[in-house]
Amino acid sequence: MLTVQIVLFDGFDLLDAIAPYEVFCAASMHTDNALRVELVTAEGPRSVTSGMNGLTIEANDTLDTERGGIILVPGAAGDVEGDGPDSIPAILGKAMNTELTTKIKAALEHKDIVIATVCGGSLLLAMGGVLEGRHAVTHRLGMDLLGATGAIPVPARVVDDGNLVTGGGVTSELDVALYLVERELGPRIAHEIEQLFEYERRGTVWRAKGIVPSTHNSLTDNEPSIVMNQSTVTSDILHNEKTQTSVFDGNWDTTIATPVGKLEVKLYIKTSTDVIQGTATQGDETIAFLNPVLCDNRLTWTLPITKPMRLNLKFEVTVDGDQMSGIAKAGLLPASKLTGKRIN
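Residues numbered from 1 in each chain as written. Predicted model: local features only at pLDDT ≥ 70, side-chain atom pairs only at ≥ 80, totals over all residues. Heavy atoms only, no water.

> What should I look at first to understand helix H3 (residues 100-107) in this one?
Owing to its 3.6 residues per turn, the α-helix brings residues three or four apart onto one side. Considered for burial, the residues of H3 that qualify are Leu100, Thr101, Lys103, Ile104 and Ala107. For H3, the angular spread of the buried residues around the axis is 160°, confining them to a single face. The elements touched by buried residues of H3 are strand E1 (2-7), strand E5 (61-62), strand E6 (69-73), helix H2 (88-96), strand E7 (113-118) and helix H4 (120-127). (Buried < 20%, exposed > 50% of the residue type's maximum accessible area, 1.4 Å probe, protein only. Helix = DSSP H or I, 4+ residues; strand = E, 2+ residues; numbered from the N terminus. Arc of directions from axis to C-beta. Contact = heavy atoms within 4.5 Å.)

> Could you clarify how one ought to interpret the packing of aromatic side chains in this entry?
For any pair of aromatic rings, geometry is given as the distance between the ring centres together with the angle between the planes. Inspection of the entire model under this criterion finds 2 aromatic pairs. Centre to centre, the rings of Phe289 and Trp301 are 4.1 Å apart; their planes meet at 5°, and the pair counts as stacked. Pair noted here: Phe289 is in the loop between strand E16 (285-288) and strand E17 (290-295) and Trp301 is in strand E18 (residues 298-305), with a separation of 12 residues, a long-range link. Note on Phe289: relative accessible area 0%, which makes it buried. Residues Trp301 and Phe315 carry aromatic rings whose centres are separated by 4.9 Å and whose planes lie at 5° to one another, so their mutual orientation is stacked. Here the residue Trp301 occupies a position in strand E18, and Phe315 occupies one in strand E19 (residues 311-320), the gap between them amounting to 14 residues. Judged by its relative accessible area of 2%, Trp301 is buried. By way of ring pairs, the aromatic residues Phe289, Trp301 and Phe315 are connected into one cluster. (Phe/Tyr/Trp six-rings, centres within 6.5 Å; stacked < 30°, edge-to-face > 60°.)

> What's the story with the packing of helix H6 (residues 173-185) against helix H7 (residues 187-197) in this structure? I'm lost.
Look at H6 against H7: their axes get within 6 Å of each other, and the N-to-C directions meet at 150°. Across the interface between the two elements, Leu174, Leu178, Val181, Glu182 and Leu185 of H6 pack against Pro187, Ile189, Ala190, Ile193, Glu194 and Phe197 of H7. Classifying every residue of the contact of H6 with H7 by side-chain character gives 9 nonpolar, no polar and 2 charged. (Axes fitted to C-alpha atoms, helices over the stretch in contact; angles between N-to-C directions. Nonpolar A, V, L, I, M, F, W, Y, C, P; charged D, E, K, R; others polar.)

> So what exactly am I meant to see when it comes to the environment of Thr171 here?
Structurally, the position occupied by Thr171 is in the loop between strand E11 (164-167) and H6. Between the alpha carbons of Thr171 and His139 there is a distance of 9.8 Å; along the sequence they are 32 residues apart. When near neighbours in sequence (up to four residues on either side) are disregarded, Thr171 contacts Arg157, Tyr199 and Arg202. For Thr171, the side chain forms a polar contact with the side chain of Arg157, separated by 3.1 Å. (Polar contact = N/O pair within 3.5 Å; in protein donor to acceptor, adjacent residues only side chain to side chain.)

> Sorry if this is basic, but what is going on with H7 here?
What H7 keeps buried is the set Ile189, Ala190, Ile193 and Glu194. In a view along the axis of H7, the buried residues occupy a sector of 140°, so they form one face of it. Facing away from the buried side of H7 by over 90 degrees, the exposed positions are Pro187, Arg188 and Gln195. In the core, the buried residues of H7 are packed alongside helix H1 (14-29) and H6. Glu198 occupies a position one or two residues after H7 and carries a positive phi of about 50°.

> Please clarify how the sheet that holds E11 should be interpreted in this entry.
The strands that make up a sheet pair up through hydrogen bonds in the backbone, lying either parallel or antiparallel. The sheet built from 8 strands is open, its strands ordered E5-E2-E1-E6-E7-E11-E10-E12 with mixed pairing. With partners counted over all chains shown, the strands left at the sheet margins are E5 and strand E12 (206-207), one partner each. As judged from the 4 bridges shared by E7 and E11, these two strands associate in the parallel manner. By the bridge assignment, Val118 is partnered in E11 with Gly167. Packed onto the sheet, H3 meets E1, E5, E6 and E7 and runs at close to 150° relative to E6. Running over the sheet, H4 touches E6, E7 and E11 and is turned about 115° from E7. (Pairing = 2+ DSSP bridges.)

> Hey, could you run me through the nonpolar core in this one?
One broad rule of soluble globular proteins: the nonpolar side chains tend to lie buried together. Ile6, Leu8, Phe9, Phe24, Leu100, Ile104 and Ile115 are the most contacted members of the largest nonpolar core, which totals 99 residues. If near-sequence neighbours (up to four positions away) are discounted, Phe24 is found in contact with Val4, Ile6, Leu35, Val37, Ile70, Leu72, Ala177, Leu180 and Val181. (Core = buried A, V, L, I, M, F, W, Y, C linked by side-chain atoms within 4.5 Å.)

> So what exactly am I meant to see when it comes to the environment of Trp252 here?
Within the secondary structure layout, Trp252 lies in strand E13 (residues 250-258). Sequence spacing of Trp252 and Gly340 is 88 residues, and the spatial spacing of their C-alpha atoms is 6.3 Å. A distance of 2.9 Å separates the side chain of Trp252 from the backbone oxygen of Phe248, its partner in a polar contact.

> Can you help me understand the pairing of strand E2 (residues 35-41) in this one?
Here E2 lies mainly inside the structure; 6 of its 7 residues are buried. Direction of pairing for E1 relative to E2: parallel, over a ladder of 6 bridges. Along E2, the bridge assignment pairs Val7 with Val40. As a crossover connection, the stretch from E1 through H1 into E2 is right-handed. (Right-handed = clockwise from strand over helix to strand, strands pointing away.)

Below you can see the structure in the form of structure tokens.
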């Protein structure tokens, strides 16, 4: 029997979860119960509050990463703009900091488990470092953020990357579920459900197969990957626009206020032969600045971080005496305020 586990978390999007639930239930009816679908959480049976008007749904079991079948992770419903506790990034961040991402990472190691995501579910796993180097899609507003986590964003309705199947915007959940039914149970069953629902899947499912289009731009030509040895710092000189000033030089204690928590980061900046070099230390990890550039008294650079989530952050700061201020930003996430002071 094929088992489908739909994972709920507080703030989940109802349509992302319930529409696939109906598709899989219909598949079960048309296959003499060859498929079983369950609503689960990473923590165990409990009432789960959705992000849509606070509607509560009962999850009846615990996510089992040892059981073969399909595990589907929905997105979140909340405020699209802003960085408050009800914003989509904040909801996804809270879910990411549960056991969910750890369990999904373990499930991906099992060859008989397929992980599926819908909309922001892709971002939830990507921010937890689960999708590094994997082809995936999410809502169009989150594609930049998806790429900033080290995943490879593909602008398709549904992306099939082997044991990972991801869907784009909110309404793609029907396409994801119907594609999985076709892939696992055959096209006749999928067609029967399409007839029942009076719905036809949209778009071509993207897979890394066949002839590469001649106009194709490499999907890997995105920002530098965050997959790197975080315990060492490159000694190479980081080339940038030359500057005659050293107002940024020194050791800095900075705080970055992100939607999912504050980051305490120590910066070391040094100007040598008119070339800026820098490192950032977070906990026991020290990372070199990528492409630091000084322009109009603003210093910018890119930095791969791992906490509270895996992201390539773009920094832009200014200095007034011994005070530093600026922003750090990744994809659709609201810009996070950075403040700091020079300690020597």
